[in-house]
Number of protein chains: 2
Amino acid sequence: MHLVKVGLYMAQKTEETKTKTISVIIVEDFKLTRVGLRCALNANEDINVVAEAEDAVEGLKLIEKHKPDVILMDLGLPGMNGIEAMVKCKEMMCDSKIIALTSHDRCEEVIAALSSGASAYCLKDIDPQKLADVVRDVSTGVCWIDPMVAQMTLNALPKIDNIGFLPNKSSSEGRVPLTEREFEVLKHLVSGKSNTEIAKELIVSVHTAKAHVCSILQKMCVNDRVQAAVKAVKEGMV
Amino acid sequence: MHLVKVGLYMAQKTEETKTKTISVIIVEDFKLTRVGLRCALNANEDINVVAEAEDAVEGLKLIEKHKPDVILMDLGLPGMNGIEAMVKCKEMMCDSKIIALTSHDRCEEVIAALSSGASAYCLKDIDPQKLADVVRDVSTGVCWIDPMVAQMTLNALPKIDNIGFLPNKSSSEGRVPLTEREFEVLKHLVSGKSNTEIAKELIVSVHTAKAHVCSILQKMCVNDRVQAAVKAVKEGMV
DNA sequence: CAATAAATTAGACAATCGGGTAATGGATTA
DNA sequence: TAATCCATTACCCGATTGTCTAATTTATTG
């Protein structure tokens, strides 16, 4: 019975998600931990540790070079800490998902990490195989938070008055989705670039950039790029 | 390979928490969805759906009676909605972990659910086997959030000043604080108002508004109002 | 009291923005 | 095949933006 289940699960995995391996970069100062992480992850054939760094500066270089799917980031690094590194990472328009890894469970550290770009928070005593699962989850965009700190994270969320919460209203109804290209433009827009700069980045004319921005504004139902940027940030579109 | 992993994981579990199977209660108004959920979960021998309810009132009774490990709670219930039910659930000192289940991806709904007692947020198009994984995860206390809404949730977390995190850096050193008036202007700026509109709101001339904006940009070390707005939102200044 | 900072106003200027309209080629779909 | 959507480019035009210099008034602080 159990065998059947696992079999089914693997078969399903193979068809859907496991078409390519997940590339991972490890940023961790302790050599021993680094080796342990690498071994634990590389034991999974769908996960591939492509590089390792022992400090944030080196890590950022490797991240920019390899553009991995997932980054395992230790928070307690010498020099630039993991949180600063994550912020820098986001600034360089990096799409990699970040797993914050630490042995601490201080509330501020958890919140700081998650609000600075981490998609997951793991304590270092995590089961190695579980970590592999988290890597897979996070690579698809899931937010995963260790049991030890999950509650304090949830408590930190702003309480929303649930009056006026209407189950009837369908949200994404009249919403026109942005095209891929428009999303690219939106990212640059959010980073504060002018149309000219966006055009330069995407190697198109200013007219094209303007056309995309115009279209974005209409689809997002906003009047100017500031509103678009704020809405994008608040709704987590970028 | 996979078998070994499952074996190890279960062995570990057995010592700690999983001496018995995970009991689950489903609260969902659509009969068809209810059947689907039950089948998907009961196909796993370590998960046992002990009861089902089609509305919140009935659900709460069953929860009090069975005290399940995990509750699958639909948010769009008739009468008392899922969020109210979760609040009531916490009030009755219930230790069950709650998975919020919905097809909506509205930001307020997500935050409301997670801040009202849910440990996980799943969209209904989740893979059935994945849902079983989430049930296992959540039963150990993990916080799990669907990729579709993960980013917006993380963005809702309060931003913590991450400088000063390390013993090295002295925290808000070279930072010039905004004046009260400038904060007012910033708020309007973030809401996407033009200088003219800001001036009208504050009953000052456009020149004044512009002067404030100019000063804000310099103090925040950004080049334009878009960057200022994004930074303000990201750092939770507004 | 004097000095400093903040808020206010003004004029001017180059650059950018947002909204039109319109055309072309490529890809996908009906 | 025709229709549709997307990306691209172009031009025009009025409105807006960001920076500059410069001046006045009002608090606040030493």
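Residues numbered from 1 in each chain as written. Chains lettered and ligands numbered in written order. Predicted model: local features only at pLDDT ≥ 70, side-chain atom pairs only at ≥ 80, totals over all residues. Heavy atoms only, no water.

J.: So, unusual backbone geometry: which residues are in play, and what are the values?
T.: Residues and elements named next belong to chain A. Unlike most non-glycine residues, Lys-67 shows phi in positive territory, near 40°. Along the chain, the position of Lys-67 falls in the loop between helix 3 (56–66) and strand 3 (70–74). Positive phi values are uncommon outside glycine, yet Cys-221 reaches one of about 60°. With respect to the helices, strands and loops of the structure, Cys-221 is situated in the loop between helix 10 (206–219) and helix 11 (225–234). (Helix = DSSP H or I, 4+ residues; strand = E, 2+ residues; numbered from the N terminus.)

J.: Lay out the protein's contact with DNA strand D with the relevant residues and their values.
T.: Around DNA strand D, the surrounding shell holds 17 residues, and the nearest of these are Arg181(A), Ser205(A), Thr208(A), His212(A) and Lys210(B). For DNA strand D, the backbone makes up 71% of the atoms found within 4 Å of the protein, where backbone means sugar plus phosphate. Ser205(A) places a main-chain nitrogen or oxygen 2.6 Å from a phosphate oxygen of DNA strand D. Lys210(B) places a polar side-chain atom, nitrogen or oxygen, 2.7 Å from a base oxygen of DNA strand D. Residue assignment for the surface near DNA strand D shows that the elements contributing at least two residues are helix 10 of chain A together with helix 10 (206–219) of chain B. (Near = heavy atom within 4 Å. Polar contact = N/O pair within 3.5 Å; in protein donor to acceptor, adjacent residues only side chain to side chain.)

J.: Now, about the sheet that holds strand 2 (residues 47–53) of chain B: what can you tell me, with residues and values included?
T.: Strand order in this open sheet of 12 strands is 2(A)-1(A)-3(A)-4(A)-5(A)-6(A)-6(B)-5(B)-4(B)-3(B)-1(B)-2(B), and the pairing throughout is mixed. What marks the edges here is a single partner per strand, and that holds for strand 2 (47–53) of chain A together with strand 2 of chain B. Between one strand and the next, the sheet's axes are offset by a mean angle of 20°, whatever the strand orientation. Relative to strand 6 (residues 143–145) of chain B, strand 6 (residues 143–145) of chain A runs antiparallel, the two sharing 3 bridges. Its bridge partner being in strand 6 of chain B, Cys143(A) is matched across the sheet by Ile145(B). Each of strand 1 (22–27), strand 2 and strand 3 of chain A is contacted by helix 3 of chain A, which is oriented at about 140° to strand 2 of chain A, the strand it contacts most. Along the sheet, helix 3 (residues 56–66) of chain B contacts strand 1 (22–27), strand 2 and strand 3 (70–74) of chain B; its crossing angle with strand 2 of chain B, the most-contacted strand, is approximately 140°. (Pairing = 2+ DSSP bridges. Axes fitted to C-alpha atoms, helices over the stretch in contact; angles between N-to-C directions. Contact = heavy atoms within 4.5 Å.)

J.: Requested: an account of the domain arrangement of chain A, with residues and values cited.
T.: Here the domain parsing of chain A yields domain 1 (22–154) and domain 2 (158–238). On a C-alpha basis, the centroid separation for the pair domain 1 of chain A and domain 2 of chain A is 28 Å. (Domains from an automatic or database assignment.)

J.: I'd like to hear about the packing of helix 9 (residues 195–202) of chain B against helix 10 of chain B, residue by residue, with values.
T.: All names here are of chain B. Across the interface, helix 9 lies against helix 10 with an axial gap of 8 Å and an inter-helix angle of 110°. Taken together, the axis directions place helix 9 and helix 10 in an arrangement best described as roughly perpendicular. Across from Asn-195, Thr-196, Ile-198 and Ala-199 in helix 9, the residues of helix 10 making contact are Val-206, Ala-209, Lys-210 and Val-213. (Parallel < 35°, antiparallel > 145°, perpendicular 65-115°, else oblique.)

J.: Provide a residue-level description of the pairing of strand 5 (residues 118–123) of chain B, including the pertinent values.
T.: Residue and element names in this part refer to chain B. Within strand 5, 6 of the 6 residues are buried, which leaves the element mostly enclosed by the surrounding structure. As paired elements, strand 4 (residues 97–102) and strand 5 share 5 bridges and run parallel to each other. Paired with Ile-98 across the bridge in strand 5 is Ala-118. In this fold, strand 4 hands off to helix 5 (residues 107–115), which returns the chain to strand 5; that crossover is right-handed. (Buried < 20%, exposed > 50% of the residue type's maximum accessible area, 1.4 Å probe, protein only. Right-handed = clockwise from strand over helix to strand, strands pointing away.)

J.: Mind laying out the pairing of strand 3 of chain A, listing which residues take part and the relevant values?
T.: All names here are of chain A. The element strand 3 is extensively covered by neighbouring structure, given that 5 of its 5 residues are classed as buried. Neither face of strand 3 is left uncovered, since the one carrying Val-70, Leu-72 and Asp-74 and the one carrying Ile-71 and Met-73 both have all their residues buried. Two strands pair when backbone bridges link them, and strand 1 and strand 3 are joined in this way by 4 bridges, in the parallel orientation. Following the sheet pairing, Val-27 is matched in strand 3 by Met-73. Where strand 3 lies against strand 4 (residues 97–102), 5 bridges are found, and the strand directions are parallel. Bridging from a neighbouring strand, Leu-72 pairs with Ile-99 of strand 4.

J.: Can you explain the nonpolar core? Please cite residues and give values.
T.: Tyr121(A) and Tyr121(B) are the most contacted members of the largest nonpolar core, which has 67 residues in total. The contacts of Tyr121(A), once residues within four sequence positions are left out, are Leu75(A), Ala100(A), Thr102(A), His104(A), Glu109(A), Val110(A), Ala113(A), Leu114(A), Trp144(A), Ile145(A), Asp146(A) and Val149(A). Formed by 42 residues, the second largest nonpolar core is a distinct cluster that contains Val49(A), Ile26(B), Leu41(B) and Val49(B). (Core = buried A, V, L, I, M, F, W, Y, C linked by side-chain atoms within 4.5 Å.)

J.: Describe the pattern of salt bridges, and please don't skip the residues or the numbers.
T.: Side-chain pairs of opposite charge can arise where the charged atoms are in close proximity. Throughout the structure, instances matching the rule amount to 22 salt bridges over all chains. The closest approach of N and O atoms between Glu184(A) and Arg181(A), which form a salt bridge, is 3.3 Å. Placement of the pair is Glu184(A) and Arg181(A) together in helix 8 (residues 180–190), with a separation of 3 residues, close to one helical turn. With relative accessibility at 30%, the residue Arg181(A) sits in the partly exposed group. Put simply, Arg38(B) and Glu52(B) hold a salt bridge, and the shortest N to O gap is 2.3 Å. (Salt bridge = Lys/Arg side-chain N within 4 Å of Asp/Glu carboxyl O.)

J.: Please give an account of the protein's contact with DNA strand C that cites residues and values.
T.: Among the 17 residues in the neighbourhood of DNA strand C, the closest are listed as Lys210(A), Arg181(B), Ser205(B), Thr208(B) and His212(B). Counting only atoms of DNA strand C within 4 Å of the protein, the sugar-phosphate share comes to 68%. At a separation of 2.8 Å, a base oxygen of DNA strand C approaches a polar side-chain atom of Lys210(A). Contacts to DNA strand C include His207(B), whose side-chain N or O atom sits 3.5 Å from a base nitrogen. Those elements that provide at least two residues to the surface near DNA strand C are helix 10 of chain A together with helix 10 of chain B.

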